[in-house]
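Now for the letters of each chain:
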Amino acid sequence: MVVEGAVAERLLDDFRLLLGAGVELVGVDRERLADPVGEGGLGAHGTVDDPGRQKGLRPTGGVGAVGTRPVRPETDPYRGAFAERSRTPRMEFAAFAERAERLAAEPADIETTRLVADLLAAAGGRGKSDDLATVTRFLLGRVFPAHDTRTLDVGPALCREAIARAAGPNVGAADVEERLAEAGEIGAVAAGFDFGGQRGLAAFGEGRDRLTVAAVDAALRELAADAGDGSESRKRDALFGLFNRCEPAEAKLLARLVLGEMRLGVGEGTVRDAIAEAFLAEASADDGKEGNDGDDPTLRARDEAAAAVERALQVTNDYGRVAVLARDEGLAGLRAEGLAVGRPVQAMLAQAGTATDAVEAFGEVAVETKFDGARVQVHYVPESAAEGGEGLGPRVYSRNMDDVTDALPEVVEYVEARVSVPVILDGEVVAVDDDGDPLPFQEVLRRFRRKHDVDRMREEVGLRLHAFDCLHADGEDLLDEPLRARHDLLVDVLPDAAASVEFADDPEAIEVAEAAALDAGHEGVMLKNPDAAYTPGDRGRDWLKRKPDVETLDAVVVGAEWGEGRRAELFGTFLLGVGAGDDEFATIGKVATGLTDEALADLTERLKPHVVSEDGTEIEIRPEAVLEVGYEEIQTSPTYSSGYALRFPRFVGVRDDKSVGDADSLERVARLAGDGAE
Ligand SMILES: Nc1ncnc2c1ncn2[C@@H]1O[C@H](COP(=O)(O)OP(=O)(O)OP(=O)(O)O)[C@@H](O)[C@H]1O
């Protein structure tokens, strides 16, 4: 009998589930079990090299060419059943874990990059298993690429329960918590248990069935897809099934991966350099031969390779995809990679600057209205312009690349009514009153991530999109075009946008424009270099933001204390941290002032699932929420790990539009405190 397509996939899924749950299969051919994807197995149909043919999902023209074809989150040519069916040997999870241990122990950056490059080559070099995309993402604590809105939705508590269950009947979640309080991080705790007691159940063949990187990835993707009634307990079961099969080093890696805290000392820059080192060494050596006299050709080639990887990362936001591109298509493939409508990119950011700075640096300055709202990126392929393919209704993404479309129907309607070609627009969503005049920023946040009562809230707070940039129009990527040209194209596709820019070449004219923007109820002006390209994710000097003098700080909640009296059921005080590199946060103070009962209730509900440990009044919270806090000044202080303390901190608002990685850094705090120029 031949079983194909969805039925085959279903069978394979069931098979994996059974193994994951520790079911022992008796009286079957063990060799065939150990290689369910081999010849004659479930995966015998379709070719390994052509995932698109099997899944019918791959965009046109190979890896790089996506043009204006909409991409949907599940359109990931490197994932899914085809990978499971590959006949190349798969990387064992234990092998990955062993290399991860070595990485974590390596203090030198250069050595770390080399070890990561070796790992990538082992995960997907020629003739090796093809786990490259997965391993690259895993290294950064990700199952899905950054642009993908899917999440595992597993909190620390669920993870602790799964570990407790795998550790055997004598271990409870409270024991795991206790060990966590001692060890300080979940990986060490997971590695400290002996999951062997349970293993007998799942063992078959020669010893246990060893986890592969691909199997862990598949199980976690399945877990992410599970939602609704009973999903929490199913997720717990699935995690239990995985931990149950783990040796200590694997358990450590798995626990950290599930919670997205890898602690390997491997940042995005390291992975970028390692991709270049692993797969572009030859290409860069070729380039190097053409080096100018006086230049170091090797260095120049290395910089070029890193730049090509960086550029591809900017347009795809997918380290896994870029690693595969670098390996399979080299520098040329990376450079040819374009934007895809439906796949968000990071926003270009601004530094603080003055009108004089702008005139001195740019000569003529593009002065744009600075709208006081939330940053969005809108992707749209009108049905009429889909050229035989499918259209893509307007999708709206937040600055973290979360899909916020459903909360913002006005934006969808606005774009649908005006735009007739495929576009990617950058802009700001602003709350407006009945006359269309802007309302304060906090009003937008009442709408921004709302899942319920969208229609009711729409009556209360109206919204308007102000598009100020255009990254793609009618089949053309515009990132490398100067702002001037992008703006002309923006006005072509959306004539409303014309009002928000003017040009000035002296500071007085800029002041006049700023006064007019403030009079109209906007936040002020942005000063931009009209000749600059759009550099996603970059906070360079080509965009300057004129800021009012009162600074606030965006800090991450890393801890809390319970309130008192009638607020005893709620968190009352929040311990704040600022970014100190490598996913670490240094504490800088506590905020209790300015929080209403409503804000406390919201924050308590939101942060409770992220409690890591509780010790008396001290609660440690996994970095999850960003608070905007005002303060009178920043002082040096031995009390907090940053070495600074906020004087009179007061809560201004929750920055739901920011992820913890976007919070202010210790470096900025030092500058604000006067230890360097802002
Ligand atoms: N015309 C415009 N061009 C670019 N950004 C604009 C414009 N109008 C409003 N903005 C908003 O201003 C933000 C930058 O200013 P601001 O410093 O006030 O924001 P922030 O979120 O506190 O800081 P940052 O975005 O720089 O981290 C942009 O991210 C964008 O959301």
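Note that this is a predicted model, so its numbers are computed, not measured.

**Digging into the UniProt feature "active site" (unreviewed entry) in the chain**
For step 1, the next point in the chain: Per the UniProt record, "active site" (unreviewed entry) is annotated on Lys370.
For step 2, the next point in the chain: Looking at where Lys370 falls in the secondary structure, it is placed in strand S2 (residues 365-370).
For step 3, the next point in the chain: Dropping the residues within four chain positions of it, Lys370 is found in contact with His522, Glu523, Gly524, Val525, Met526, Lys545 and Arg546.

**Thoughts on the sheet that holds strand S6 (residues 462-473)**
For step 1, the next point in the chain: Pairing in this open sheet of five strands is antiparallel, and the strands run S4-S3-S5-S6-S7 from one edge to the other. Each having just a single partner strand, strand S4 (392-397) and strand S7 (476-477) make up the two edges of the open sheet.
For step 2, the next point in the chain: Alignment of strand S3 (residues 374-381) against strand S5 (residues 423-432), held across seven bridges, turns out to be antiparallel. Bridge assignment links Ala374 to a residue of S5, and that residue is Val429.
For step 3, the next point in the chain: Across the sheet, helix H20 (residues 409-418) is in contact with S3, S4, S5 and S6; its angle to S6 comes to roughly 50°.

**Focus: the site of the ligand**
For step 1, the next point in the chain: Neighbouring residues of the ligand: 19 residues in total, closest Lys370, Arg399, Glu428, Arg539 and Lys545.
For step 2, the next point in the chain: Interatomic distance of 2.9 Å between a side-chain N/O atom of Glu368 and a nitrogen atom of the ligand.
For step 3, the next point in the chain: At 2.6 Å, a side-chain N or O of Arg399 approaches an oxygen atom of the ligand.
For step 4, the next point in the chain: A total of 600 Å² of accessible area belongs to the ligand in isolation, and the protein chains cover 91% of it.

**Examining the sheet that holds strand S10 (residues 539-545)**
For step 1, the next point in the chain: Reading across from one edge, S1-S10-S9-S2-S8 is the order of the five strands in this open sheet, with mixed pairing throughout. Of all the strands in the sheet, the pair left with one neighbour each is strand S1 (349-352) and strand S8 (501-504). Ignoring strand direction, the axes of neighbouring strands in this sheet form an average angle of 45°.
For step 2, the next point in the chain: Where S2 lies against S8, four bridges are found, and the strand directions are antiparallel.

**Here's the deal with the packing of helix H5 (residues 93-105) against helix H14 (residues 248-258)**
For step 1, the next point in the chain: At a minimum axis separation of 8 Å, H5 and H14 run at an interaxial angle of 80°. Classified by the angle between their axes, H5 and H14 sit roughly perpendicular to one another. Contacts between H5 and H14 involve Phe93, Ala94, Phe96, Ala97, Ala100 and Glu101 from the first element and Ala249, Glu250, Lys252, Leu253 and Leu254 from the second.
For step 2, the next point in the chain: Looking at the contact of H5 with H14 residue by residue, the class counts come to eight nonpolar, no polar and three charged.

**Some details on the packing of aromatic side chains**
For step 1, the next point in the chain: Using the criterion set out here, one finds eight aromatic pairs in the structure.
For step 2, the next point in the chain: Centroid distance Phe571 to Phe574: 6.2 Å. Interplanar angle 90°. Geometry classified as edge-to-face. Per residue, the accessibility class of Phe571 equals that of Phe574, and both read buried.
For step 3, the next point in the chain: Here a set of aromatic residues connected by ring pairs shows up, and it is made of Phe93, Phe96 and Phe138.
For step 4, the next point in the chain: The side chain of Arg165 reaches across the aromatic face of Phe240, ending 4.2 Å from its centre.
For step 5, the next point in the chain: Taking NZ or CZ as reference, Lys528 lies 3.6 Å from the ring centre of Trp543, over its face.

Thresholds, definitions, all that
- Residues numbered from 1 in each chain as written.
- Predicted model: local features only at pLDDT ≥ 70, side-chain atom pairs only at ≥ 80, totals over all residues.
- Heavy atoms only, no water.
- UniProt positions renumbered as here; feature names shortened; annotations may be inferred.
- Helix = DSSP H or I, 4+ residues; strand = E, 2+ residues; numbered from the N terminus.
- Contact = heavy atoms within 4.5 Å.
- Pairing = 2+ DSSP bridges.
- Axes fitted to C-alpha atoms, helices over the stretch in contact; angles between N-to-C directions.
- Near = heavy atom within 4 Å.
- Polar contact = N/O pair within 3.5 Å; in protein donor to acceptor, adjacent residues only side chain to side chain.
- Areas by Shrake-Rupley, 256 points an atom, 1.4 Å probe, with all protein chains shown as cover.
- Parallel < 35°, antiparallel > 145°, perpendicular 65-115°, else oblique.
- Nonpolar A, V, L, I, M, F, W, Y, C, P; charged D, E, K, R; others polar.
- Phe/Tyr/Trp six-rings, centres within 6.5 Å; stacked < 30°, edge-to-face > 60°.
- Buried < 20%, exposed > 50% of the residue type's maximum accessible area, 1.4 Å probe, protein only.
- Lys NZ or Arg CZ within 6 Å of the ring centre and 35° of its normal.

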